[in-house]
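Listed below are the residues making up each chain.
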Amino acid sequence: MPHSTEKGAAVYSPLMLKLYDAWVLGLSNRFAWRCPTPTVLLPFFRQHMGPRHLDVGVGTGYYLRHAASSAQGPLTLLDLNANSLHAASHRLGRADTRLIQHDVMTPLPPQPEGAFDSISLFYLLHCLPGTLMDKGVVFQHLKTHLAPDGVIYGATILGDSTNHNALGRKLMALYNRKGIFGNRNDTQQALEQQLCLHFREVQVVLCGKVALFQARGAQG
Ligand SMILES: C[S@@+](CC[C@H](N)C(=O)[O-])C[C@H]1O[C@@H](n2cnc3c(N)ncnc32)[C@H](O)[C@@H]1O
């Protein structure tokens, strides 16, 4: 692994998580990344959530809280940061939630419940360091835990090539300098290439500066 993954997770202190929904899911998604949460991202999250679901990079648990009724089976939450796991599981308030504190850039431990019907990665890839070629290892690790007809899906903010607006450029510069983001060179094409290395069916669409992806049929 070329860079440390710690900075992309360490910023989520209890205080930051209190501000996260208003700042990121409210203001930034609307005005900087131009991909609204209630009308685009949340419906996309809900649409693909299956009965046995794994959410990777849970943040405050906003999506899980608003979509959890779609998952009839137990929910599994994976994050490198214990604050995020605590905040999301507390918000969910479901006794059947399983928590895994783990770096997604390294192979997952065996899962006692077996394969997942759906795995979500919302706003995780742009927090990881390196190029999308480096980040592709995440798909390698997760695909072995996906049921044969399961789906892996998510959303990620793309890099400089998407022509960010003035607010977006300011945030991109700040977050990349601090290591909160590692996405300056992330492109839709590179994301598609990485997904196609691991899955037979891949779809990536753009909303503002955000790539929404879904992939099925693990291979390789
Ligand atoms: C930007 S937040 C996204 C939260 C939520 N999915 C959303 O879209 O609102 C990124 C989350 O990914 C976690 N994270 C960052 N790097 C990680 C890594 N290497 N492995 C696992 N989780 C990581 C952070 O701790 C944080 O909870």
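Residues numbered from 1 in each chain as written. Predicted model: local features only at pLDDT ≥ 70, side-chain atom pairs only at ≥ 80, totals over all residues. Heavy atoms only, no water.

Quick word on the site of the ligand
This is how it is decided: The rule for a residue being near a molecule or strand is that one of its heavy atoms must lie within 4 Å of it. Polar contact is defined as a pair of N or O atoms within 3.5 Å, subject to the rule that within protein one atom must be able to donate a hydrogen and the other to accept it, and that residues adjacent in sequence are counted only when both atoms are side-chain atoms. Accessibility throughout is a Shrake-Rupley quantity obtained with a 1.4 Å probe, and a residue counts as covered only by protein chains that appear here. Starting at the N terminus, helices and strands are each numbered in turn, a helix being any DSSP run of H or I of at least four residues and a strand any DSSP run of E of at least two.
Surveying the vicinity of the ligand reveals 22 residues, the closest of which are Y20, G57, D79, D103 and F122. Within the contact set of the ligand, a nitrogen atom lies 2.6 Å away from a backbone nitrogen or oxygen of G57. Protein chains bury 98% of the 600 Å² of accessible surface belonging to the ligand in isolation. Contributing elements (two or more residues each) for the shell around the ligand: α1 (7-10) and α2 (14-32).

Quick look at the nonpolar core
Spelled out, the test is: For the purposes of this section, nonpolar cores are sets of buried Ala, Val, Leu, Ile, Met, Phe, Trp, Tyr and Cys residues that join through side-chain atoms within 4.5 Å. The buried label goes to any residue with under 20% of its type's maximum accessible area, the exposed label to any with over 50%, and the partly exposed label to all in between, with areas taken from a 1.4 Å probe on protein chains only.
Counting 39 residues, the largest nonpolar core has W33 and Y123 as its most contacted members. Counting only elements with at least two residues in this core, the list comes to α2, α3 (37-48), α4 (62-67), β2 (75-79), α5 (82-92), β5 (146-157), α8 (166-178) and β7 (210-218). Per-element tally for this core: the top contributor is α2, with five residues. If you look at the next biggest cluster of nonpolar residues, it comprises 28 residues, including L54, L125, L158 and A190.

Some remarks on a nonpolar patch on the surface
What counts is decided by this rule: Residues form patches when they are more than 30% accessible in relative terms and have no salt bridge. Like charges link within 9 Å. Nonpolar side chains (Val, Leu, Ile, Met, Phe, Trp, Tyr) link within 5 Å. When a carboxyl oxygen of Asp or Glu lies within 4 Å of a side-chain nitrogen of Lys or Arg, that pair is called a salt bridge.
The grouping of W23, L27, F31 and L167 at the surface amounts to a nonpolar patch, some 340 Å² of accessible area in total. Ranked by the residues each element gives to the nonpolar patch, the list is headed by α2, at three residues. Its place among the elements puts L167 in helix α8. Of the residues examined, L167 reaches a relative accessible area of 34% and is grouped as partly exposed.

Observations regarding the environment of Q188
Here is the rule we go by: Any two residues having at least one pair of non-hydrogen atoms within 4.5 Å are treated as being in contact.
Note that Q188 resides in helix α9 (residues 188-198). On a C-alpha basis, the gap between Q188 and A166 in space is 21 Å, while along the polypeptide they are 22 residues apart. When near neighbours in sequence (up to four residues on either side) are disregarded, Q188 contacts L158, V204 and L206.

Description of the environment of F45
If you trace the backbone, F45 turns up in helix α3. For F45, a relative accessible area of 0% corresponds to the buried category. In the structure, F45 is positioned 76 residues away from L121 in sequence and 9.5 Å away in space, judged by C-alpha atoms. The contact partners of F45, leaving out residues within four places of it in the chain, are H53, D55, Y63, L64, A67, S120, F122 and Y153.

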